[in-house]
Amino acid sequence: MDFSSKTASRIVGVLFIVAAITAIVGVILYKPILNDSNYLIQGSAHAHQVVLGAIMELILVVSAVGTSTVMFPFLKKYNRTIAIWHVCFRFLEAVMITVGVVSVLSLLALSQDYVAAGAPDIASYRVSGTLLKAVHEYTFLLGPNFFLGINTMMYSYIFYKSKLVPRFIPLLGLTGSVLILLAALLEMFGVINQVSTWGAVLALPIFANEMTLAVWLIVKGFNGSAK
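It should be emphasised that the depicted structure is a prediction, and the values quoted were computed from it without experimental measurement. (Residues numbered from 1 in each chain as written. Predicted model: local features only at pLDDT ≥ 70, side-chain atom pairs only at ≥ 80, totals over all residues. Heavy atoms only, no water.)

**Observations concerning the side chain of Ser103**
In this structure, Ser103 sits in helix 5 (residues 80-116). Residue Ser103 is classed as buried on the basis of its relative accessible area of 3%. Not counting residues within four places of it along the chain, the set of residues in contact with Ser103 comprises Leu132, Val135 and His136. (Helix = DSSP H or I, 4+ residues; strand = E, 2+ residues; numbered from the N terminus. Buried < 20%, exposed > 50% of the residue type's maximum accessible area, 1.4 Å probe, protein only. Contact = heavy atoms within 4.5 Å.)

Below, the structure written as structure tokens:
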């Protein structure tokens, strides 16, 4: 089923907002198991909170894939190759996030087993816990940073060339995509942490781009006269 231009633009706008909200809420809900030094106990104690965080990230996955697939019919009119690449890299972003969700739920299972065991050898549990936390850290780095930067650059380029939306929005998107890719590289080399002041500063432009684009698409929609 093909959506009308107005309906599609509203769906994309809502999905961008849903993705942003669920991403933020997911990070907050994961704190007991990812940020607490006593995570082997705190994870189990806040099991429902952690599961809710995982659900938030799964909604994020659906929203991310949804934005790319709903935009595809409009983007392909101007550059089919880049439009396809955009869907593919958005899918890779979603895959990375999903793997991260699996690692957190596995860490939760480890935490629950640790608590149920009473007073087991903590060293062996911490080895497994460190590995699972590392998997989440790197999927969090590659998904919402690296692949996000690439797919944002792609759709922003098409938006800029086609004038489907005012050019200040894709310019913000192109700027944000470069900065989030820079953040990903700095995080890979250990120069900054993703959840840090510098990480937030470098991520702010791409967040501003998505929210500005979302509001514009909901209120105004795609430019029907774009050529």
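**Overview of helix 5**
Given a rise of 1.5 Å per residue, 37 residues ought to cover 54 Å, and the 54 Å separating the end C-alpha atoms of helix 5 matches this to within 8%. Residue Gly118 follows helix 5 closely and has a positive phi angle near 90 degrees. (Expected span 1.5 Å × (residues − 1).)

**Concerning empty space enclosed by the protein**
According to the stated counting rule, one finds 1 cavity of 30 Å³ or more in the structure shown. Lining of the largest cavity is provided by Glu57, Met96, Ile97, Gly100, His136, Thr139 and Phe140. Going through the elements one at a time, helix 5 and helix 6 (122-162) are the ones with two or more residues in the lining of the largest cavity. When the residues that make up the lining of the largest cavity are grouped by side-chain class, the tally is 3 nonpolar, 3 polar and 1 charged. (1 Å grid on protein atoms, 1.4 Å probe; cavity = no way out; pocket = protein on both sides within 12 Å on 5 of 7 lines; lining within 4 Å. Points joined across faces, edges and corners; volume = space filled by probe spheres on them. Nonpolar A, V, L, I, M, F, W, Y, C, P; charged D, E, K, R; others polar.)

**Some details on the nonpolar core**
Formed by 25 residues in total, the largest nonpolar core has its most connected members in Met71, Leu75, Phe159, Leu213 and Phe222. If you list the elements that add at least two residues to this core, you get helix 1 (5-29), helix 4 (47-75), helix 5, helix 6, helix 7 (168-188) and helix 8 (197-219). Membership of the second largest hydrophobic core comes to 15 residues, among which are Val101, Leu107, Tyr114 and Tyr125. (Core = buried A, V, L, I, M, F, W, Y, C linked by side-chain atoms within 4.5 Å.)

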